[in-house]
Number of protein chains: 2
Amino acid sequence: MEYNVLPLTRLVEQFERLPGIGRKTAQRLAFFVLSLPKEEAQKFSDAIMDAHEKIKRCKICQNLTDSEICSICSDETRDRSTICVVEDPRDVIAFERTREYRGLYHVLHGLISPMDGIGPDQIYVKELLARLADDTVKEVIMATNPTVEGEATAMYLSRIVKPLGVKVTRLAYGIPVGGNLEYADEVTLYRALEGRNEI
Amino acid sequence: MEYNVLPLTRLVEQFERLPGIGRKTAQRLAFFVLSLPKEEAQKFSDAIMDAHEKIKRCKICQNLTDSEICSICSDETRDRSTICVVEDPRDVIAFERTREYRGLYHVLHGLISPMDGIGPDQIYVKELLARLADDTVKEVIMATNPTVEGEATAMYLSRIVKPLGVKVTRLAYGIPVGGNLEYADEVTLYRALEGRNEI
């Protein structure tokens, strides 16, 4: 009991378990929350439980939502012929930020990783296939991360989606915009060369 | 509403207002809290309000405590003739970590800063003087930070405490242990020279 005050110790411990927050930062955050007016602290406390109680997964795309069907799936103006498959709800946010993609999403909530005992049944593959049952969807974009697990999941999915007569695509590899060739790794540079386009 | 989900937006906003936490980190923390089992999230939420409700200021030293008198002030084995005056409860934690200081503390909860409109009445000076009324206290250590406000507060307090017949001391300035002379600023080095001791 470093602080000699149990409620304070407990609050610091709660902050300390957050990812990327060490002992010193946890202490700083706990003292900050303590210094807030009571109603502000209440808002913080409520926001945690409120999010926990109200946020669930969209029945269609498995993205996080506070209603049965998320705002993207229920948006009539979106292109229903394309589904972008991502690992995590945060990836949806990243794509939405581009303001360019107008299709739908499917959130897997994980990647196939035999090392961690995660197979196709542990992520939302069945739900994706159910969405391809009628002929609405013409293209599935594999937008998993360019990691070993991301690649493996994209390969696995493409192998079961292609036979359904749906076009399967993968995000382009290449040098990041604003990046520096000097610092690009060999594989990325090779992929950028391979995927070169006429200008 | 970047996330299209109000409870999530609110949770991210709550994390974003914490000191040193930007938009990206706030998002990461919010998603982490969301991924916690419900009882763990409840613990986090409760810890905030619990700390807010139970933590108050010690009647004697103004340090944070969950009882009327803090554990340091009520500890019979501590040396009651010395009071170490600090700005913030975190400074008490820092001193306690040394395990060397056995006297009492007095937490000012601020420093005199005319620029910010903080005078002696806004910090706990009156309460410090009340503790010097009988003859128990023989020494007051000014342990405010070595900043302009810290110095000003130490000077101000020493001027009103000295006439009461109490010895007033200030923390030693010098090079930090494990530090490098090469990187010490001129003022620190000068103070270290000035405060040199025979070995």
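Overview of the structure. (Residues numbered from 1 in each chain as written. Chains lettered and ligands numbered in written order. Predicted model: local features only at pLDDT ≥ 70, side-chain atom pairs only at ≥ 80, totals over all residues. Heavy atoms only, no water.)

## Overview of the overall build of chain A
Our working definition: Where helices and strands are cited, they refer to DSSP runs of H or I of at least four residues and of E of at least two residues respectively, numbered from the N terminus. With the radius of gyration taken over C-alpha atoms, the globule rule is written as 2.2 Å times the number of residues to the power 0.38. To sort residues, take the accessible area from a 1.4 Å probe on protein chains only and compare it with the maximum for the residue type: under 20% means buried, over 50% means exposed, and anything in between is partly exposed. Between two residues, a contact is recorded if the distance between any of their heavy atoms is within 4.5 Å. We get accessible surface area from the Shrake-Rupley algorithm with a probe of 1.4 Å; when it comes to residues, only the shown protein chains can shield them. The charge count treats Lys and Arg as positive and Asp and Glu as negative. His and the chain ends do not count. All charge positions are set by atom: Lys at NZ, Arg at CZ, Asp at CG, Glu at CD.
Within chain A, the regular secondary structure consists of seven helices and six strands. Helices and strands appear in chain A in the N-to-C order α-α-α-β-β-β-α-β-α-β-α-β-α. At 22 Å, chain A has a C-alpha radius of gyration far larger than the 16 Å of a compact globule built from 199 residues. Taken over the C-alpha atoms alone, chain A extends approximately 65 × 45 × 35 Å along its principal axes. Counting every position in chain A, which comprises 199 residues, the buried fraction comes to 42%. Contacts in chain A between residues at least 24 apart in sequence constitute 47% of all its contacts with a sequence separation of at least 6. Per element, the accessible surface of chain A, about 11400 Å² overall, is 54% carbon and sulfur. Here chain A carries 26 positive and 31 negative side-chain charges, and the mean point of each set is 2 Å from the other.

## Concerning the packing of aromatic side chains
For clarity, the cut-off: Only Phe, Tyr and Trp rings take part, Trp by its six-membered ring, and two of them pair if their centres are within 6.5 Å. Stacked means planes under 30 degrees apart, edge-to-face means over 60, and tilted covers everything else. When the NZ atom of lysine or the CZ atom of arginine is within 6 Å of a ring's centre and also within 35 degrees of its normal, the charge is said to sit over that ring.
A full pass over the atoms with the stated rule returns nine aromatic pairs over all chains. Aromatic side chains Phe15(A) and Phe44(B) sit 5.3 Å apart centroid to centroid with 85° between the ring planes, which places their arrangement in the edge-to-face category. Here the residue Phe15(A) occupies a position in helix α1 (residues 6-16), and Phe44(B) occupies one in helix α3 (residues 38-54), the pair thus bridging two chains. Pair check on accessibility: Phe15(A) and Phe44(B) agree, each one buried. For Arg191(A), the ring lying beneath its charged end belongs to Tyr173(A), and the centroid distance is 4.4 Å.

## What about the pattern of salt bridges?
The test is simple: One side-chain nitrogen of Lys or Arg within 4 Å of one carboxyl oxygen of Asp or Glu is enough to make a salt bridge.
The full count for this structure, using the stated rule, is 20 salt bridges over all chains. Here Glu16(B) makes a salt bridge to Arg23(B), at a shortest N to O gap of 3.1 Å. Among the salt bridges present, the one from Glu68(B) reaches Lys59(B), with a minimum N-O distance of 2.9 Å. Three or more residues are tied together by salt bridges with common partners; here these are Arg10(A), Asp50(B) and Lys54(B).

## Considerations on the nonpolar core
Which entries qualify depends on this criterion: Throughout this description, the term nonpolar core refers to a set of buried Ala, Val, Leu, Ile, Met, Phe, Trp, Tyr and Cys residues connected via side-chain atoms within 4.5 Å.
Residues Phe15(A), Ile48(A), Phe15(B) and Ile48(B) are the most contacted members of the largest nonpolar core, which totals 44 residues. For this core, the secondary-structure elements that each account for two or more residues are α1, α2 (23-35) and α3 (38-54) of chain A together with α1 (6-16), α2 (23-35) and α3 of chain B. Beyond its immediate stretch of four places on either side in the chain, Ile48(A) contacts Leu11(B), Val33(B), Ala41(B), Phe44(B), Ser45(B) and Ile48(B).

## Here we look at the interface of chain A and chain B
Rule in force here: Summed over both partners, buried area is the accessible surface (1.4 Å probe) that two parts give up on being assembled. Under the rule applied, a polar contact is a pair of N or O atoms within 3.5 Å (in protein, one hydrogen donor and one hydrogen acceptor; residues adjacent in sequence only if both atoms are side-chain atoms). When residues are sorted by character, Ala, Val, Leu, Ile, Met, Phe, Trp, Tyr, Cys and Pro go into the nonpolar class, Asp, Glu, Lys and Arg into the charged class, and all the rest, Gly among them, into the polar class.
Counting from both sides, the interface comprises 49 residues of chain A and, opposite them, 49 residues of chain B. Approximately 4900 Å² of surface area, both sides summed, lies buried where chain A meets chain B, with 68% of it carried by carbon and sulfur atoms. In this structure, the connection of chain A to chain B is made through four salt bridges. The residue Glu40(B) makes a salt bridge to Arg17(A) at a minimum N-O spacing of 2.6 Å. Linking chain A with chain B are 13 residue pairs in polar contact (both at pLDDT 80 or more). Elements with a contribution of two residues or more to the side of chain A that touches chain B: α1, α2, α3, β2 (64-65) and α4 (89-98) of chain A. Ranked by the residues each element gives to the side of chain A that touches chain B, the list is headed by α3(A), at 15 residues. Of the residues belonging to the side of chain A that touches chain B, the class tally is 27 nonpolar, nine polar and 13 charged.

## Some thoughts on the side chain of Arg78(B)
Residues and elements named next belong to chain B. By the element assignment, Arg78 lies in the loop between β2 (64-65) and β3 (79-86). Here Arg78 falls in the buried class, since its relative accessible area comes to 6%. A polar contact of 3.0 Å, which involves the side chain of Arg78, links it to the side chain of Glu96. Residue contacts for Arg78: discarding those within four places in its chain leaves Ile72, Glu96, Tyr101, Arg102, Gly103, Leu104 and Tyr105.

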